[in-house]
Structure formats: structure tokens, C-alpha cells
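An overview of the molecular structure
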Amino acid sequence: MTGTSLGWQTLVRDLRGSGVLSDDWAAAFTAVPRAGFLPDRVWPFRQESGTYSVADRAEDPDAWQRWAESDVPLVTQWDDGGHTGSGPGRVSTSSASMPSVVARMLDQLEARPGMRILEIGTGTGWSAALLAHRFGSRGVTSVEVDEAVAARARTALRGAGLAPNVRAADGLKGCPEGAPYDRIIATCGLREIPAAWLEQARPGGVILAPWGTDYSSQDALVRLVVSADGTSASGRFTGPAQFMKARSQRLRQPPHAAYVPDFPGDATRTSTRLTADDLGDGDPYDVAGFAIGLRVPACAHTVHRQTDGTTAFWFYGLTDKSWAVAAFPSGDVHQSGPRRLWDEVESAFRWWDGQGRPSYERLSLTVTSDGTQNARAHDDATQTRPRP
């Protein structure tokens, strides 16, 4: 193990003081600092500006260490490893999550000694190291889709004196050799829970994963308990989160010109009394947008703020070329195609509003081995289909 610096001790103390880091995990966090699992070049996310900077250990080791010991996410790979240079790439594809998020997820996993644990998305190897430190390496399996990322994680784990089973494979297929698992934890955003995970989990086992819909990049953590017959799993969402998506479940943003070659074309025009705030106004953690996505399957949306002060919400059907746009503050709506996408979105908002605007924690999800993903608020159910 590497020595624990004062900066890391301070962060651990702060996380404990805020209640994010439980006493059960404090010893593992203290003994296994995140810095031991980071590459020499990382890209911290600056929340205040929504941009990435670069921290290079060779050029400024003090700055690199400060970021390593800060409660911020650090990108460790861009563009599936195809990126070069010190600036940010196009798409962030591997990272070291915020320590507070890691602490929250590990606590919600509720793992116990003697359990078999499967992690999907090894990344730097730090989460696997925390699990192995607390429960022993033998019971921890971690699967990483990128062979280079997996190899680097193995090296970092060996340097920390830990040896969980790290596999380079498609984590959506699980790891049948180590099944059945008592706990499955994913560190990548999902649009559907794979049937393989249900098959490889023990009855009563827990699946903890960031889950969302095609509607946006928004995720929420969901804690599912597997049924006695292993054909389904149900549980509540525990709060918002935003993770890099599993590679095979990434949404390819619909090309606008293919949907709207000329505006307004044959679109019908109506109006709405809803506001941009009602729709979340592009806030990735607003529950309204998440709830709308539950009711409007196979639809992606984007938000454009224009120089004249107009905010335009665009909606694109993923199974046909239906589209809609709502402009605010005017409330003007245009929609075209066989689906009335704006009507679906407005109906979804009315449903959520009529249910008392339930928070994430009042929404739940049931998934089945045939691919059905069914979300609920109170006793009202709404089904979301697997991505087309």
C-alpha cells in the first residue's frame, strides 16, 4: 500500500463528517487512496464552468496530487483510447468517479463478508481495490471492456497488494465463470439491465446500477433485488447520477438534418402552457426530465439556447423520423411524423405532476429476463421498452 497523505486523510474525514462515507467503509478508503490508481495525466471536471482541464503529474505533481485528493470526477481516457495530446478529447470514455459517489454506491450495495461480488466497469481499478481490501480479493470479480484499461488496473491493484479477478470482456455479459453473485455493481450508465446479470445473480441478490432512458444522458442509481426464481429484479431509485454509458448502449444523437430537412416543413403548429423550467431546462439532475423519459420511450431530446434568448427543446423519435420542437418563452410547438412526440412529452409531464411530482426515491424499476424495463411511481406503472 502507498502511504496516506494529509490531503487524502482530510478528504476522508470530510466525507465521513458529511455522512457520505459510512463507518463501514472508512478504513478501506483510508488505506486505499485514489491516487494510487490514476494515470500520470488526468482531466478534472470543473463543475463551475462545465469544462475539463488537464493535470499532468510530470509537469505539475502538486496540482496532480490535489486533484487526485479532491471530490471531483477525473477523466482518464478519451475516445475509447484513440485520443492523443493534452487537451480534452471528444467523448470521455473512462474515468475515476468522485470519491463521494463511490462511497455512496458501495454503501448502498450492502455487501457483507463472504459474498461474491461482480463489478461491471473496472476503470482505474480503485473501486475493485476498495471491495478487495474490505472483503478479500478472492470474492471480487471485475470486468472491463477495454483491454488496455483492464491491464493498467491490474498493475495498479498489484501495486496496492490486491488481486481481485479482473477480466477484459463485455461486462454486459457478466462473468458466468464466477456466478452466482450475491452483489452486482455497475459503474457505467445503462439503458437496460442485461438478462445475463439476472441469470448470474443469486435469488435475493442485489444489482446496483446507474440506469436511464434514451430521452437524455441522465441516469439515476437503482438498487434492484433479484426475485426467488431469478427471472426479474425490482427496487427503488436512490438518487440522480451521471455516468459514462456502456459502449454498446451509447445513444447516437439523431442527425437533425435527416429529421428536419426544412423547417417547419409539414409540421403542425400548436402551443403549450408548460415552461422550460417544467421540463428541467436542460438540468441533468432534474427529476422532471428523468420522469418524462420513463413515459416517452425511443425518443431522444436536446436543448438549444439561442442568441435571441429563446430556448428550444427538440425531440427525435428513434424508430421513425418523427420530431417535435417546443420554443420558450413563447410556448410555440411544432411536431411532425406519425408520433406526436410533443403530445407524449406533455402527457408524461402531466402524469408526473399528477402523481405529486415524485422524487427519484419515490420511483421504482422492475426488469425481467425478457428485456422489459418497467418503472413506477406509487401504484401507477409505465413501461419503457429496450432501445430499438
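Here, the structure is the one placed above.
The structure contained in this document is the topic of the report that follows. (Residues numbered from 1 in each chain as written. Predicted model: local features only at pLDDT ≥ 70, side-chain atom pairs only at ≥ 80, totals over all residues. Heavy atoms only, no water.)

Of the regular secondary structure elements, the chain holds 10 helices and 20 strands. Since a compact globule built from 388 residues should have a radius of gyration of about 21 Å, the 22 Å found for the chain is in line with a globular shape. Dimensions of the chain, computed from C-alpha atoms along their principal axes, come out at roughly 65 × 55 × 40 Å. Here the chain holds 388 residues, and the buried ones make up 54% of them. Expressed as a percentage of contacts within the chain between residues at least 6 apart in sequence, the contacts between residues at least 24 apart total 60%. By element, 48% of the accessible surface of the chain is carried by carbon and sulfur atoms, the whole surface being about 16,800 Å². The positive charge centre, built from 40 side chains, and the negative charge centre, built from 45, are 4 Å apart in the chain. (Helix = DSSP H or I, 4+ residues; strand = E, 2+ residues; numbered from the N terminus. Rg over C-alpha atoms; globule rule 2.2 N^0.38 Å. Buried < 20%, exposed > 50% of the residue type's maximum accessible area, 1.4 Å probe, protein only. Contact = heavy atoms within 4.5 Å. Areas by Shrake-Rupley, 256 points an atom, 1.4 Å probe, with all protein chains shown as cover. Lys, Arg positive; Asp, Glu negative; His and termini not counted. Charge placed at Lys NZ, Arg CZ, Asp CG, Glu CD.)

The subject of this paragraph is the environment of His133. Topologically, His133 is positioned in helix 5 (residues 126-135). The exposure class assigned to His133 is partly exposed, which follows from its relative accessible area of 31%. C-alpha separation for the pair His133 and Tyr181, spaced 48 residues apart in sequence, amounts to 18 Å.

The biggest cluster of nonpolar side chains holds 56 residues, and the ones touching the most others in it are Leu190, Trp197, Phe237, Phe315 and Trp342. Ranked by residues supplied to this core, first place goes to helix 10 (residues 341-354) with 7 residues. In contact with Phe237, other than residues within four places in its own chain, are Trp211, Ala220, Leu221, Val222, Phe290, Tyr360, Glu361, Leu363, Ser364 and Leu365. In this structure, Leu106, Ala129, Phe135 and Leu162 belong to the second largest nonpolar core, which totals 38 residues. (Core = buried A, V, L, I, M, F, W, Y, C linked by side-chain atoms within 4.5 Å.)

What follows deals with unusual backbone geometry. Look at the link from Phe263 to Pro264: it is a cis peptide, with omega at 5°. Tracing the sequence through the fold places Pro264 in the loop between helix 8 (256-259) and strand 13 (268-271). Here the bond from Phe328 into Pro329 is cis, since omega is 15°, no more than 30 degrees from zero. In this structure, Pro329 sits in the loop between strand 16 (323-328) and strand 17 (332-336). Unusually for a residue other than glycine, Asp79 sits at a positive phi of about 55°. Its location among the elements puts Asp79 in the loop between strand 4 (74-78) and strand 5 (92-96). For Arg357, which is not glycine, the phi torsion reads 50° and is therefore positive. Within the secondary structure layout, Arg357 lies in the loop between helix 10 and strand 18 (363-368). Here Arg357 falls in the partly exposed class, since its relative accessible area comes to 41%.

Let us look at the packing of aromatic side chains. Within this structure, the stated rule accounts for 19 aromatic pairs. With centroids separated by 6.0 Å and ring planes inclined at 70°, the aromatic side chains of Phe263 and Trp314 adopt a geometry described as edge-to-face. Within this pair, whereas Phe263 is found in the loop between helix 8 and strand 13, its partner Trp314 is found in strand 15 (residues 311-317), the two being separated by 51 residues in sequence. Residue Trp314 is classed as buried on the basis of its relative accessible area of 11%. Plain terms: the ring middles of Phe290 and Tyr360 are 5.3 Å apart, the flat faces sit at 50° to each other, and that makes the pair tilted. (Phe/Tyr/Trp six-rings, centres within 6.5 Å; stacked < 30°, edge-to-face > 60°.)

Another aspect to go through is the pattern of salt bridges. Counted under the stated rule, the structure contains 16 salt bridges. Residues Arg223 and Glu110 are paired through a salt bridge, measuring 3.0 Å at the closest nitrogen-oxygen approach. Of this pair, Arg223 sits in strand 11 (residues 219-226) while Glu110 sits in the loop between helix 4 (99-109) and strand 6 (117-120), placing them 113 residues apart in sequence. Here the residues in one salt-bridge network are Asp80, Asp146, Arg247 and Arg250, joined through shared partners. (Salt bridge = Lys/Arg side-chain N within 4 Å of Asp/Glu carboxyl O.)

Note that all results are geometric; they support no functional claim without further evidence.
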